[in-house]
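The primary structure of each chain is shown beneath.
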Amino acid sequence: CVSFDIAGAPRLRALGARPLLLVRRARDPVAMRMRLRDVCQRLERTRGLAGAWRTSAVLALLATAHDDAGATAADADPRVDAALVAIEARLADAALSLGDLAGAAALSPDRLTTLFRQRFGRTPMRQVACMRLARARNLLTRSDLSVKQVAAAVGFRDPLYFSRAFRAAFGQPPTAAR
């Protein structure tokens, strides 16, 4: 998970310094995989090198990913950013709906879905689910909360459904993430 200091980004300031999972579809996924493999192999070979080299390698990979994805009109749309802020603010709210997000973005549900698909390659509610699962994984590894408490903290009403969704997303049950 990567987080950045976003003090200089007024539209994202409301998100705070917490990590946020944003996903884009790469134009050339094979090239991105090869670049990622190359950076990971270099990191493995250079365990003794200073952290500055490691940081530069990861930043190079992020720059490559950004260049590969390219900027689109949806990336610059502040209404999509408003929906992201609403998701972050209400992530634990199990009643969060597409209508709520569309209202926060001042868009129709259909238009918001179109912009989300262009920017992230998924629907707004799928993005909510991914963000909830990423937050749950973080809570499971960094807290002593029970699986039931984590499920409730990230907006899942049913702990069994949460466990199935977690396993589908990460290939292991929530109890194994500790």
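Before reading on, note that the structure itself is shown above.
I will try to describe carefully the structure that is included in this document. (Residues numbered from 1 in each chain as written. Predicted model: local features only at pLDDT ≥ 70, side-chain atom pairs only at ≥ 80, totals over all residues. Heavy atoms only, no water.)

**Quick word on the overall build of the chain**
Next up, step 1: Regarding its fold elements, the chain presents eight helices and zero strands.
Next up, step 2: Reading the secondary structure of the chain in the N-to-C direction produces α-α-α-α-α-α-α-α.
Next up, step 3: When contacts within the chain are restricted to residue pairs at least 6 apart in sequence, those whose partners lie at least 24 apart make up 60%.
Next up, step 4: Accessible area of the chain: about 10,600 Å², with a carbon and sulfur share of 56%. (Helix = DSSP H or I, 4+ residues; strand = E, 2+ residues; numbered from the N terminus. Contact = heavy atoms within 4.5 Å. Areas by Shrake-Rupley, 256 points an atom, 1.4 Å probe, with all protein chains shown as cover.)

**Section: the pattern of salt bridges**
Next up, step 1: Scanning the entire structure with this criterion turns up five salt bridges.
Next up, step 2: Between Arg90 and Asp93 there is a salt bridge, and its shortest N-O distance comes to 2.5 Å.
Next up, step 3: When its relative accessible area of 27% is taken as the criterion, Asp93 is described as partly exposed.
Next up, step 4: As a salt-bridge pair, Arg90 and Asp100 come within 3.3 Å of each other at their nearest N and O atoms. (Salt bridge = Lys/Arg side-chain N within 4 Å of Asp/Glu carboxyl O. Buried < 20%, exposed > 50% of the residue type's maximum accessible area, 1.4 Å probe, protein only.)

**Observations regarding helix α5 (residues 109–120)**
Next up, step 1: In a regular helix each residue adds 1.5 Å, so twelve residues correspond to 16 Å; α5 covers 16 Å between its end C-alpha atoms and thus fits that length.
Next up, step 2: Leu112, Thr113, Leu115, Phe116, Arg119 and Phe120 are the residues of α5 that are buried. Each buried residue of α5 lies within a common arc of 165° when the element is viewed along its axis, so the set occupies one face.
Next up, step 3: Of the surrounding elements, those touching the buried residues of α5 are α3 (78–89), α4 (98–105) and α6 (124–142).
Next up, step 4: Just downstream of α5, Gly121 is the residue with a positive phi angle, here 75°. (Expected span 1.5 Å × (residues − 1). Arc of directions from axis to C-beta.)

**Remarks on the environment of Arg132**
Next up, step 1: You can see Arg132 is positioned in helix α6.
Next up, step 2: Each C-alpha atom of the pair Arg132 and Leu91 lies 6.5 Å from the other, and the pair is 41 residues apart in sequence.
Next up, step 3: Discounting residues that sit within four places of it in the chain, Arg132 has contacts with Arg90, Leu91, Asp93, Ala94, Leu96, Val154, Gly155 and Phe156.

**Thoughts on the packing of α3 against α5**
Next up, step 1: Running from amino to carboxyl end, α3 crosses α5 at an angle of 90°, the nearest separation of the two axes being 10 Å. Judged by the inter-axis angle, α3 sits roughly perpendicular to α5. Taken together, the residues of α5 that come into contact with α3 (itself represented by Arg79, Val80, Asp81, Ala83, Leu84 and Ile87) are Leu112, Leu115, Phe116, Arg119 and Phe120.
Next up, step 2: Its residues placed into classes, the contact of α3 with α5 shows eight nonpolar, no polar and three charged. (Axes fitted to C-alpha atoms, helices over the stretch in contact; angles between N-to-C directions. Parallel < 35°, antiparallel > 145°, perpendicular 65-115°, else oblique. Nonpolar A, V, L, I, M, F, W, Y, C, P; charged D, E, K, R; others polar.)

**A few points about the nonpolar core**
Next up, step 1: In terms of nonpolar packing, the biggest core is built from 17 residues, with Ile87, Leu101, Leu112, Phe116 and Val128 touching the most fellow members.
Next up, step 2: Broken down by element, this core gets its largest block of residues, five residues, from α3. (Core = buried A, V, L, I, M, F, W, Y, C linked by side-chain atoms within 4.5 Å.)

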